[in-house]
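# Inside the fold
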Amino acid sequence: MKKYLAVLCLVILVDDYSVTAQQTSDQKGLKDYYKKYFPIGVAVSPQALKREDESSLIVQQFNSITPENAMKMGPIHPRENTYNWRDADSIMAFAQQHHIRVRGHNLCWHNQAPGWLFVDSTGKAVSKQVLLQRLKEHITTVVSRYKGAIYAWDVVNEVISDKPEEFYRNSIWYQVCGEEFIAKAFEYAHAADPQAQLFYNDYNEINAVKREKIYKLVKGLKDAGVPITGIGLQGHWAVNEPTVPQLDSTLARFATLGLKVQITELDVSVYPKEHTARQRKDEDTATAFTPEREQQQIEQYKNCFALFRKYKNVLSGVTFWNISDRSSWLDNFPVRGRKDYPLLFDKAMLPKKAFWAVVKF
């Protein structure tokens, strides 16, 4: 912790992320409306924290942040003996300066994993023993650096298959290690920071088939004594899903695990949900944020947060994936270059009608 704080002080001197009191006191934020319920977070990039309008909005509205990409394996550990701390440290500096808690994201994932992890110096596939050792070294190094400063980690991300007949995703991790890497990742993270909350994180959690597979995985880890604290439900939703019964049954199901539950990557697309990337179609040029789309989004956000409040005794955090409609990963998924409007703030950082539907209860 002392080593990290020294680095943190240096980062604050280099990058001045100060936000004036006037900028942060004019309006109640989401964090204030939900003070008696759960923290409200947002995924951020180092670049966003350097833009005054975005950094001001973050401080005003949120009391938790998640590095969107800066702590993923590829960006932070691109080569075996090289760690890129700059972006992650700058986010930590901002959080420390403004007394905002941080969720680390993530320690083990099939995407954005650097290729060197899986091969030796000759380019041949490594053994299970070597890959688990590399995973241990990565997790130990990253978690130890931020020990005591990051309150929770998404330890393992998206290992459940989307195919109904398949349980685990057939990733390189699984091909080399079988399922063992999942429990090991939690053990390594817990050893590095025994106080950190440790989450399994996944998407399509409202799908009944996948939901039960996620439930079985997490319950199995818990029953085996693996140090898992909770489950992260990503919440990449749309105006047409989840339905109220879908979300209610999902939250009720995971509540029975006796673990913490968090919504970790929330957004609500204004387009009907599609689960896979596709090529552009003629109708994809109709990207206006129409009154009809706006009203559908208002109703969806209103319904979701009503259920979040219902499960306040289980839900320990809600995090949005990106800050405003100025920029969202959904601008390029499932269709590249199709503008979406999935968040509570518009491109000018102003609250949308959906914001008021969420906070007026």
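The next point concerns empty space enclosed by the protein. The tally for this structure, following the rule as stated, stands at 2 cavities of 30 Å³ or more. The computed volume of the largest cavity comes to approximately 90 Å³. Lining of the largest cavity is provided by 15 residues; of these, S269, K273, E274, L330 and P334 occupy positions nearest its centre. Every element with two or more residues in the lining of the largest cavity is listed here: β7 (236-238) and β8 (260-269). Among the elements that line the lining of the largest cavity, the one with the most residues is β7, at 3 residues. Tallied by class, the residues present in the lining of the largest cavity amount to 8 nonpolar, 2 polar and 5 charged. What lines the second largest cavity is simply C108, W109, H110, V156, N157, E158, V159, R169, S171, W173 and F181.

Helix α10 (residues 180-192) packs onto helix α8 (residues 128-145) with a crossing angle of 30 degrees between their chain directions and a minimal axis gap of 9 Å. With respect to the hand of their crossing, α8 and α10 are arranged in right-handed fashion. Residues K128, L132, L135, K136, I139, T140, V143 and S144 of α8 touch α10, and the partners they reach there are E180, F181, K184, A185, Y188, A189 and A192.

By size, the foremost hydrophobic cluster in this structure holds 100 residues, and its most contacted members are W153 and F308. Those residues within four positions of W153 in sequence are excluded, and the remaining contacts are M71, G104, H105, L107, V142, V143, Y146, A196, Q197, L198 and F199.

Moving on: the packing of aromatic side chains. Tallied over the full model, the rule gives 24 aromatic pairs. Note on Y215 and F254: the rings are 6.4 Å apart at their centroids and 35 degrees apart in plane angle, and the pair reads as tilted. Placement of Y215 in helix α11 (residues 208-223) and of F254 in helix α12 (residues 244-255) is noted, with a sequence separation of 39 residues between them. Accessibility expressed as a relative area gives 0% for F254, which makes it buried. Of note, R338 hangs over the ring of Y271, and the distance from its end group to the ring centre comes to 3.8 Å.

Here the bond from H105 into N106 is cis, since omega is -15 degrees, no more than 30 degrees from zero. Between F333 and P334 the backbone carries a cis peptide bond, its omega angle lying at 5 degrees. Turning to its location among the elements, P334 is positioned in the loop between β9 (315-320) and α14 (353-359). Despite not being glycine, N204 has its phi angle at roughly 55 degrees, a positive value. Mapped onto the elements of the fold, N204 is located in the loop between β5 (197-202) and α11. The backbone phi angle of M349 is positive, close to 70 degrees, even though this residue is not glycine. On the secondary structure map, M349 appears in the loop between β9 and α14.

The rules behind these values
- Here the residue numbers are simple positions, counted from 1 along each chain's written sequence.
- Local features are withheld for residues below a pLDDT of 70 in this predicted model, meaning they are given only at 70 or higher, and side-chain atom pairs are given and counted only at 80 or more; totals for whole chains, interfaces and linings count all residues.
- As a convention, hydrogens and water are excluded, and side-chain values are obtained from all of the structure's heavy atoms.
- A cavity, in this analysis, means grid points on a 1 Å lattice covering only the protein atoms where a 1.4 Å probe fits yet has no way out; a pocket is instead an open set bounded by protein on both sides within 12 Å along at least five of seven lines, and a residue lines either one if it has an atom within 4 Å of a point.
- Grid points are joined across faces, edges and corners, and a volume is the space filled by probe spheres set on the points.
- Helix numbering and strand numbering both begin at the N terminus, where a helix is a DSSP run of H or I of at least 4 residues and a strand a DSSP run of E of at least 2.
- The residue classification treats Ala, Val, Leu, Ile, Met, Phe, Trp, Tyr, Cys and Pro as nonpolar and Asp, Glu, Lys and Arg as charged. All others, Gly included, are polar.
- Angles shown run from 0 to 180 degrees and are taken between the N-to-C directions of axes, each axis being a line fitted to C-alpha atoms and, for helices, limited to the stretch in contact.
- Crossings are classed by handedness, with left-handed meaning an anticlockwise turn of the near helix from the far one by less than a right angle and right-handed meaning a clockwise turn.
- Note on contacts: a residue pair qualifies if any of its non-hydrogen atoms lie within 4.5 Å across the two residues.
- Throughout this description, the term nonpolar core refers to a set of buried Ala, Val, Leu, Ile, Met, Phe, Trp, Tyr and Cys residues connected via side-chain atoms within 4.5 Å.
- Each residue is placed in one exposure class: buried if its accessible area under a 1.4 Å probe, protein chains only, is under 20% of its type's maximum, exposed if it is over 50%, and partly exposed if it falls in between.
- For Phe, Tyr and Trp, where Trp contributes only its six-membered ring, two rings pair if their centres lie within 6.5 Å, and the inter-plane angle classes them as stacked under 30 degrees, edge-to-face over 60, or tilted in between.
- Criterion for a charge above a ring: Arg CZ or Lys NZ at most 6 Å from the ring centre, at most 35 degrees from the ring normal.

Don't take any of this as a statement about function, it's just geometry.
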